Amino acid sequence: MTQSRFTCFVVFSMLLLLQSCTGPSIAVLSHNAQILAFGDSLTYGKGSSEGGDYPAVLAELTGLRVINAGVSGETTSQGLIRLAELLVGETPDLLILLEGGNDFLRNHDIAKTKTNLAQMIELAQVRSIAVVLIAVPQKSLFLSPATLYSELAETYDVMLLEEALTDLLKTRSMKSDTIHLNDAGYRALAETIYRGLEDAGAI
C-alpha cells in the first residue's frame, strides 16, 4: 500500500469511527432505575400476547422496571395532557416516547403533532429525564419515518430510533395487522431499544 493510499485509509477509518460515536449519550441507568414507556397502542402492545408487549420484553432484557404507559387510540394532544399528569406522580430516569401514529391516521395537522411531541420532550428534560424518541411512519403508500422526528431529535439532542418501527411494519411476519406488531415484532423493537441504550452508554 502506498503512503497516499495508507493515509486515505486511515482518514476513512477515522470518519467511520466518528460516525459510529455520534448521537447523544445517556447517563448510566442504576440497578433501581425506572423507565417510562409512553405512547399509544404500539406501547400498550395491541396484537401481542400477555407479556409480549415491548415494555415487558425490555424489562426482561434490562432487568429494570419498565412502566407500560401505553393507551390505545391516543393522539399527541391527549398524550401531552396525560404525560404532564403522569410526571407529577412518577419520576422515571428514562422516557421512551412512541406516539404520533393516530395523528397521522386521522390527518391531524403535522405542525401541531410536532409541537405536542416537542412539549412532551420538554416536560421530561426540565425534570432531567433522558428521552428516547421512536419515529413513526407517515401514512403513505411507501412507509417512511415522518421527518418531524429527526427534526425534534436534532433540536432537543435526544436519542432517536428512526427506522426501527418503520422497518418492522414493512415486514409481514412481524405484524399482527397493518399497523400493529405481533410478539416477534415487539420483541425485535425491544431488542433494538436495548442495543440503542447500550450504544448510548446507558446500560
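Residues numbered from 1 in each chain as written. Predicted model: local features only at pLDDT ≥ 70, side-chain atom pairs only at ≥ 80, totals over all residues. Heavy atoms only, no water.

Undergrad: Give me the confidence of the model for the protein chain: which residues, what numbers.
TA: The predicted model of the protein chain has a mean per-residue pLDDT of 90, with 88% of residues at 70 or higher. Note that pLDDT drops below 50 for residues 1-22; the model gives that stretch 1 contact with residues more than four away or on any other chain. (pLDDT = per-residue confidence, 0-100. Contact = heavy atoms within 4.5 Å.)

Undergrad: For the nonpolar core, give the residues involved together with the corresponding values.
TA: Ranked by size, the top nonpolar core spans 59 residues in total, and within it Tyr54, Ile96, Tyr149, Leu189 and Ile193 carry the most contacts. In contact with Leu189, not counting residues within four places along its chain, are Tyr54, Leu98, Ile134, Ala164, Leu168 and Leu181. (Core = buried A, V, L, I, M, F, W, Y, C linked by side-chain atoms within 4.5 Å. Buried < 20%, exposed > 50% of the residue type's maximum accessible area, 1.4 Å probe, protein only.)

Undergrad: Give me the packing of helix H6 (residues 110-125) against helix H7 (residues 147-156): which residues, what numbers.
TA: Contact pair H6 / H7: the axes reach a minimum separation of 10 Å and the direction vectors enclose 35°. Both H6 and H7 take part in a crossing whose hand is right-handed. Across from Ile110, Thr113, Lys114, Leu117, Ala118, Ile121, Glu122 and Gln125 in H6, the residues of H7 making contact are Leu148, Tyr149, Glu151, Leu152 and Tyr156. (Axes fitted to C-alpha atoms, helices over the stretch in contact; angles between N-to-C directions. Helix = DSSP H or I, 4+ residues; strand = E, 2+ residues; numbered from the N terminus. Left-handed = near helix turned anticlockwise from the far one by under 90°.)

Undergrad: An account of the packing of aromatic side chains is requested, with residue identities and associated values reported.
TA: Enumeration according to the criterion identifies 1 aromatic pair in this entry. Ring geometry for Phe104 and Tyr149: centres 6.5 Å apart, planes at 85°, overall edge-to-face. Of this pair, Phe104 sits in helix H5 (residues 101-105) while Tyr149 sits in helix H7, placing them 45 residues apart in sequence. (Phe/Tyr/Trp six-rings, centres within 6.5 Å; stacked < 30°, edge-to-face > 60°.)

Undergrad: Could you give me a rundown of the sheet that holds strand E1 (residues 34-39), with the residues and numbers involved?
TA: With respect to topology, 5 strands assemble into an open sheet ordered E2-E1-E3-E4-E5, the strand pairing being parallel. The open sheet has two edge strands, strand E2 (65-70) and strand E5 (159-161), and neither has a second partner. Shown here is a sheet whose adjacent strand axes are inclined to one another by a mean of 20°, direction ignored. Judged from the 3 bridges that link them, strand E4 (residues 130-134) and E5 form a sheet pairing that is parallel. For Ile134, the partnering residue across the bridge sits in E5 and is Leu161. (Pairing = 2+ DSSP bridges.)

Undergrad: How would you explain the environment of Val132 if you had to name every residue and give the values?
TA: Inspection of the secondary structure assignment puts Val132 in strand E4. Under the relative-accessibility criterion, Val132 is labelled buried at 0%. Between the alpha carbons of Val132 and Ile96 there is a distance of 4.7 Å; along the sequence they are 36 residues apart. Discounting chain neighbours no more than four positions away, the residues touching Val132 are Ile26, Leu94, Leu95, Ile96, Leu97, Met159, Leu161 and Leu197.

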